[in-house]
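Here is what each chain is made of, one letter per residue.
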Amino acid sequence: MPRPVQYNSKVKFEGIPEGYMGEGFMATNLEKVISLARKNSIWPLPFATSCCGIEFMATMASHYDIARFGSERVGFSPRQCDLLMVMGTIAKKMGPVLKQVYTQMAEPRWVIAVGACASSGGIFDSYSVLQGIDQVIPVDVYVPGCAPRPEAILDGLMRIQDLVNKEGLRRRHSEQYKELMNSYGIN
Ligand code: SF4
């Protein structure tokens, strides 16, 4: 006698995209399917320079488990990642390096500034520290805190998932996007 399958009512399944469904088939549009796949398989590149990086390590570990969001595949080659996570104090000397890493990432790419230092320079209002990474590259989501807790980093990742899910496939070819890149001197 097979045992009945028991589902945990607290587990939320990813919704299927809107479309037309019948017996044995489903039709939807390509954009929705691609967004769904992208959203649930974001590969982060951690650019960690100081204490916020430790919070990210906790976010990766079993208790917070970033794998629940399909993002456990962390990469250190910009060419294979689509989410740049900048964590820590970025000195002005590091600015061009950060920009180079960003430009080596393939489109579509997204950026999170994790913590006060990456977002605004934090407590280091000094001649040597970049007062926010958005001075050198465009940022999609800012995570506040010094340091932000792992829950806040996960929340930032979920905000990125929302953006990825809603982003149209043609956005990266739009004039507004080209203007944004040009404003950072990126072609
Ligand atoms: S925001 Fe705070 S915890 Fe994060 S790198 Fe800066 S000083 Fe460290």
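Located above this text is the structure these notes cover.
Below is a short write-up of the structure. Just so it is clear, the structure is predicted and the values come from calculations on it, not from any experiment.

1. Side note on the overall build of the chain
Point 1. When you go through the chain residue by residue, the secondary structure sums to six helices and six strands.
Point 2. The helix and strand sequence of the chain, counted from the amino end, reads β-β-α-β-α-β-α-β-α-β-α-α.
Point 3. Projecting the C-alpha coordinates of the chain onto the three principal axes gives extents of approximately 70 × 40 × 25 Å.
Point 4. Of all 187 residues assigned to the chain, the portion counted as buried reaches 26%.

2. Concerning the sheet that holds strand β3 (residues 44–48)
Point 1. Here four strands make up an open sheet; going across it, the order is β3-β4-β5-β6 and the pairing parallel. Edge positions in the open sheet fall to β3 and β6 (141–143), since each of these has one partner strand only. Here the average twist between neighbouring strands, direction ignored, is 20°.
Point 2. For β3 and strand β4 (residues 83–87), the ladder comprises five bridges, and the chain directions are parallel. Along β4, the bridge assignment pairs P44 with L83.
Point 3. The sheet strands contacting helix α5 (residues 150–166) are β4, β5 (110–114) and β6, and the helix crosses β5 at an angle near 160°.

3. Side note on the site of the ligand
Point 1. The environment of the ligand is made up of S50, C51, C52, G88, T89, G115, A116, C117, G122, C146 and A147.
Point 2. Considering each element in turn, the shell around the ligand owes the most residues, three residues, to helix α4 (residues 115–120).
Point 3. Partitioned by chemical class, the residues of the shell around the ligand number six nonpolar, five polar and no charged.

4. Quick word on helix α2 (residues 52–60)
Point 1. Listed in full, the buried residues belonging to α2 are C52, E55, F56 and T59. With its buried residues spanning 105° around the axis, α2 presents them on a single face.
Point 2. Those residues of α2 that are buried lie in contact with β3, β4, β5, α4 and α5.

What counts, and at which threshold
- Residues numbered from 1 in each chain as written.
- Predicted model: local features only at pLDDT ≥ 70, side-chain atom pairs only at ≥ 80, totals over all residues.
- Helix = DSSP H or I, 4+ residues; strand = E, 2+ residues; numbered from the N terminus.
- Buried ≥ 20, exposed ≤ 12 C-beta atoms within 10 Å, placed from the backbone.
- Pairing = 2+ DSSP bridges.
- Axes fitted to C-alpha atoms, helices over the stretch in contact; angles between N-to-C directions.
- Contact = placed C-beta atoms within 7 Å.
- Near = placed C-beta within 6 Å.
- Nonpolar A, V, L, I, M, F, W, Y, C, P; charged D, E, K, R; others polar.
- Arc of directions from axis to C-beta.

Purely spatial values, then, with no claim about function.
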